[in-house]
Amino acid sequence: MEVSVIKYFKFLYSIIILFSIFIIIFFSSTLSESTSANTSNNLTVYSSSTITSTSNYVWPIPGITRISSYFGKRKSPTAFASSFHKGIDIPASPGTNIFASMSGTVVTAGFSGSGGCTVTIKKDNILISYCHVSPNFIVTPGQYVEKGQLIAQVGPKNVYGFANNKYRDSNGNPTNGATTGPHLHLAIKENNVYKNPLDYFDDF
Ligand SMILES: [Zn+2]
């Protein structure tokens, strides 16, 4: 009698172990699926040589898809930066090439308030601004640029010689607009309203 009870419990024990293993495997697979969907950069990255589509916007920094600050409400990172983030921030080293997300006419290539050194390109009802870029501008207002064309480089944190620049770091040095470090701030305005830039890129 006692032996059969022990056998019964051994059987029950092994069933529980097997079931637990199954549960662990099942949940770890669904968990890894959801985390990879959240964190992987499954965004189509275009380089200037592979652009053939006319409908897609070109990701401005091929190979860098990390976003350090998304569009929308946020805690302001500096005293001057907006608590509603009107674009997305793509961190990259100074000198990193920036390519035009769409074709259009350059309307701004200069120092522009909180955006610092800014290149803005217009096409129909859409304006795309590339902010905190290098002060060594490589495009000029009025110039037509093709989608995927090199239009700027990521700028340094500090820029000098802009009389209208009120932005300073903690050391009192002038900064490249409202910025805490080198990055591209990408902003898209459609019909004069700021939009989430990520909505314009496929697969993001
Ligand atoms: Zn930003």
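Located above this text is the structure these notes cover.
Now for a description of the structure that goes with this document.

Cut-offs and rules
Residues numbered from 1 in each chain as written. Predicted model: local features only at pLDDT ≥ 70, side-chain atom pairs only at ≥ 80, totals over all residues. Helix = DSSP H or I, 4+ residues; strand = E, 2+ residues; numbered from the N terminus. Buried ≥ 20, exposed ≤ 12 C-beta atoms within 10 Å, placed from the backbone. Contact = placed C-beta atoms within 7 Å. Core = buried A, V, L, I, M, F, W, Y, C linked by C-beta atoms within 7 Å. Pairing = 2+ DSSP bridges.

A few points about the overall build of the protein chain
Link 1 in the chain: When helices and strands are counted, the protein chain shows one helix and 11 strands.
Link 2 in the chain: Counting from the amino terminus, the protein chain carries its helices and strands in the arrangement α-β-β-β-β-β-β-β-β-β-β-β.
Link 3 in the chain: Taking all 204 residues of the protein chain together, the buried fraction comes to 30%.
Link 4 in the chain: Relative to all contacts within the protein chain whose residues are 6 or more apart in sequence, the contacts with residues 24 or more apart total 58%.

Quick notes on the nonpolar core
Link 1 in the chain: I98, V119, Y130, V133, I151 and L184 are the most contacted members of the largest nonpolar core, which totals 30 residues.
Link 2 in the chain: Every element with two or more residues in this core is listed here: β3 (88–91), β4 (97–99), β5 (104–111), β6 (117–123), β7 (126–131), β9 (150–153) and β10 (183–190).
Link 3 in the chain: Apart from residues lying up to four places away in sequence, V133 is in contact with I98, C117, T118, V119, A152, Q153, V154 and G155.

Points about the pairing of β6
Link 1 in the chain: The element β6 is extensively covered by neighbouring structure, given that five of its seven residues are classed as buried.
Link 2 in the chain: Judged from the six bridges that link them, β5 and β6 form a sheet pairing that is antiparallel. Bridge pairing links G110 to T118 in β6.
Link 3 in the chain: Connecting the antiparallel pair β5 and β6 is a turn made up of five residues, with G113 showing a positive phi of about 55°.
Link 4 in the chain: Note that β6 and β7 share five bridges and pair antiparallel. In the strand pairing of β7, T120 is matched with S129.
Link 5 in the chain: Linkage of β6 to β7, two consecutive antiparallel strands, is achieved through a turn of two residues, within which D124 is found at a positive phi near 50°.

Concerning unusual backbone geometry
Link 1 in the chain: At H132, a residue that is not glycine, the phi angle is positive and equals roughly 60°.
Link 2 in the chain: For H132, the location among the structural elements is in the loop between β7 and β8 (144–145).
Link 3 in the chain: Of note in this structure, N191 is not a glycine but carries a positive phi near 50°.
Link 4 in the chain: Assignment of secondary structure puts N191 in the loop between β10 and β11 (193–195).
Link 5 in the chain: A count of 9 C-beta atoms within 10 Å places N191 in the exposed class.

Digging into the environment of H183
Link 1 in the chain: Here H183 lies in strand β10.
Link 2 in the chain: Along the sequence, H183 and Y130 sit 53 residues apart, while their C-alpha atoms lie 10.0 Å from each other.

Overview of the environment of R74
Link 1 in the chain: With respect to the helices, strands and loops of the structure, R74 is situated in the loop between β1 (72–73) and β2 (84–85).
Link 2 in the chain: On the basis of neighbour counts, which here come to 14 C-beta atoms within 10 Å, the residue R74 falls in the partly exposed class.
Link 3 in the chain: Taking C-alpha positions, R74 is 5.9 Å from F84, a pair spaced 10 residues apart along the chain.
Link 4 in the chain: Excluding residues that lie within four positions of it along the chain, R74 makes contacts with S69, S83 and H85.

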